[in-house]
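Letter by letter, the chains look like this.
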Amino acid sequence: MVDMPAASVTRTRLLAAVARPDGLILAADAGAVGLNRELRTELERGGVIRLRWGVYMPTTAWTALSMDARYLATVRACAVMSERPPTFSHYSAAAVWGLPRVGAWPDSVHILVPPAAGGRSRNRIIRHPDDGSADVVERDGLSVTSAASTAVAMARILPFPEAVAMMDKAIHVPRYGSALATRKELDAAVAALGASGRSVGRTAAQRAAAFATTLSGSCGESISRAHMFLLGFLLPELQTPFSDAEGLIGYTDYFWRTVKRIGEFDGLGKYLREEHARGRTHAQILIEEKIREDRLRACGPSVFRWGWAQAMNLSTFGGFLARNGIPRVR
């Protein structure tokens, strides 16, 4: 029998009716209303995908998600199918907190378990023995290590620039709202590593924490600043306000006062975020950015910009900074 498109649409609508607010479809919920057959058919057709055994999501919804949101959906799928509410840590806690990941998220989910349970991992679940050094809180209905503890745990295993990006995000103080963690909480989480006897990665975490700042506005800005440091360039002032006769022009990503240079990181995500767009079209944003840049140049400094392609290649980035007059100090 040929499966007609209309029948598929009907099945999809029926399954959507039992979907959770987070978009997940549980086999148990579908079965409770007699939709087991419809769920199996849609899985065979590719209309839904399986995140974990017993947890599904419509393929159209999955493909519309960002890579961050896909991994977060995988974490939630693990939570909903666990006999006991798990405490998520490492990559999984980072996704829950919205800490930035450069590159792909892992296929596995990371949780804390009592030391007596051991660290045996299976079924794409990585189990980390809980030594009691990490603070555990609730975030969006999930039990997770705190933002500070998560950033420190990740700093022990990530390269320095990526560790800095996570720590910067954890303690970033936005102009509106509050930080995920305070500087004091981050320092306490680093200190807890020594108290617990966990030496592996402790120096790396301490180094990243010492470099972290509350002023970085994005992952790209953090990565760029870390690469400036690794390459030995003079480090800039962050979020420096500039004004002219018309009033406040804005806050610059980087300002090298001694050489009168302003640097701006232009990741594409900056123009897609609603808090930046505020209802404006991309064309309007670009025009306003051009006017802003002209006003900054009128104040005296020269202005230069870069994006991910330059920031992620150390050799390219080093040459770019040197050509724009940024001196090396070591």
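Source: prediction; values computed, not measured.

Visitor: When you look at the packing of aromatic side chains in this model, what are you seeing that I'm missing?
Guide: A ring pair, where both rings are aromatic, is described by two values, the distance of the centres and the angle of the planes. Tallied over the entire structure, the rule returns 13 aromatic pairs. Between Tyr-71 and Trp-105, the aromatic rings sit 5.0 Å apart at their centres with planes inclined by 10°, giving stacked as the arrangement. With a gap of 34 residues between them, Tyr-71 in helix H5 (residues 67-81) and Trp-105 in the loop between helix H6 (90-97) and strand S5 (109-113) connect regions that are remote in the sequence. Exposure remark for Trp-105: the relative accessible area of 11% places this residue in the buried category. Ring geometry for Phe-304 and Trp-306: centres 5.6 Å apart, planes at 35°, overall tilted. With relative accessibility at 6%, the residue Phe-304 sits in the buried group. Ring pairs connect the aromatic residues Tyr-254, Trp-256, Phe-304, Trp-306, Phe-317 and Phe-320, which therefore count as one cluster. Taking the ring centre of Tyr-251 as reference, the NZ or CZ of Arg-175 above it sits at 4.0 Å. The ring centre of Phe-229 lies 4.5 Å from the NZ or CZ of Arg-330, which sits over that ring.

Visitor: Whenever I open this one, the sheet that holds S5 confuses me. Can you help?
Guide: Within a beta sheet, neighbouring strands are joined by backbone hydrogen bonds and run either parallel or antiparallel to one another. What the 5 strands build is an open sheet, ordered S6-S5-S4-S8-S7; its pairing is mixed. Where the open sheet ends on each side, the last strands, each with one partner, are strand S6 (125-129) and strand S7 (136-139). Pairing of strand S4 (residues 87-88) with S5 involves 2 bridges; the strand directions are antiparallel. Counted as the bridge partner of Phe-88 is Ile-111 from S5. On top of the sheet, H6 reaches S4, S5, S6, S7 and strand S8 (142-145); it is set at about 115° to S8, its chief contact.

Visitor: Would you explain the packing of helix H8 (residues 160-171) against helix H11 (residues 219-230) in this entry?
Guide: Helix-helix packing: each pair is described by the crossing angle between the helix axes and the interaxial distance. The interhelical angle for the contact between H8 and H11, taken along N-to-C directions, is 135°, at an axis separation of 8 Å. When the axis of H8 is compared with that of H11, the two are oblique. The handedness of the crossing between H8 and H11 is right-handed. Here Phe-160, Pro-161, Glu-162, Val-164, Ala-165 and Asp-168 of H8 lie close against H11, whose contacting residues are Cys-219, Ser-222, Ile-223, Arg-225, Ala-226, His-227, Phe-229 and Leu-230. Of the residues belonging to the contact of H8 with H11, the class tally is 9 nonpolar, 2 polar and 3 charged.

Visitor: Explanation requested: the pattern of salt bridges in the structure shown.
Guide: Close approach of charged atoms allows side chains with opposite charge to pair. Summed over all chains, the structure comprises 14 salt bridges. A salt bridge links Arg-183 to Asp-187; the nearest nitrogen and oxygen atoms lie 3.3 Å apart. Residue Arg-183 and its partner Asp-187 are both found in helix H9 (residues 183-195); the two are separated by 4 residues, about one turn of the helix. A relative accessible area of 28% means that Arg-183 is categorised as partly exposed. Residue class for Asp-187 comes out partly exposed when judged on its relative accessible area of 38%.

Visitor: Could you clarify how one ought to interpret the side chain of Thr-150 in this entry?
Guide: Examined against the element boundaries, Thr-150 turns out to sit in helix H7 (residues 147-155). Ignoring sequence-local partners within four residues, the contact set of Thr-150 consists of His-90, Ala-93, Ala-94, Trp-97, Leu-99 and Thr-145.

Visitor: Whenever I open this one, the sheet that holds strand S3 (residues 55-58) confuses me. Can you help?
Guide: A sheet is described by the order of its strands in space; here 3 strands give the open sequence S1-S3-S2, paired in antiparallel fashion. The sheet is open, and its two edges are formed by strand S1 (25-26) and strand S2 (48-52), each paired on a single side. Sheet topology places S1 next to S3; 2 bridges connect them, and they run antiparallel. Bridge pairing in S3 links Ile-25 to Tyr-56. Most of the contacts of helix H3 (residues 36-45) go to S2, to which it runs at about 100°, and overall it touches S1, S2 and S3.

Visitor: Where do I start with unusual backbone geometry in this structure?
Guide: With phi around 50°, Gln-239 is a residue other than glycine that occupies positive phi space. Among the structural elements, Gln-239 can be located in strand S9 (residues 237-244). Here Lys-260, not a glycine, exhibits a phi torsion of approximately 55°, which is positive. Structurally, the position occupied by Lys-260 is in the loop between strand S10 (247-256) and strand S11 (261-265).

Visitor: Explain the environment of Arg-225 to me, please; I cannot follow it from the model alone.
Guide: Counting through the fold element by element, Arg-225 comes out in helix H11. The exposure class of Arg-225 is buried, given its relative accessible area of 6%. If sequence neighbours within four positions are ignored, Arg-225 has contacts with Val-164, Asp-168, Phe-211, Ala-212, Thr-213, Ser-216, Leu-235, Leu-238 and Tyr-254.

Conventions adopted
- Residues numbered from 1 in each chain as written.
- Predicted model: local features only at pLDDT ≥ 70, side-chain atom pairs only at ≥ 80, totals over all residues.
- Heavy atoms only, no water.
- Phe/Tyr/Trp six-rings, centres within 6.5 Å; stacked < 30°, edge-to-face > 60°.
- Helix = DSSP H or I, 4+ residues; strand = E, 2+ residues; numbered from the N terminus.
- Buried < 20%, exposed > 50% of the residue type's maximum accessible area, 1.4 Å probe, protein only.
- Lys NZ or Arg CZ within 6 Å of the ring centre and 35° of its normal.
- Pairing = 2+ DSSP bridges.
- Contact = heavy atoms within 4.5 Å.
- Axes fitted to C-alpha atoms, helices over the stretch in contact; angles between N-to-C directions.
- Parallel < 35°, antiparallel > 145°, perpendicular 65-115°, else oblique.
- Left-handed = near helix turned anticlockwise from the far one by under 90°.
- Nonpolar A, V, L, I, M, F, W, Y, C, P; charged D, E, K, R; others polar.
- Salt bridge = Lys/Arg side-chain N within 4 Å of Asp/Glu carboxyl O.

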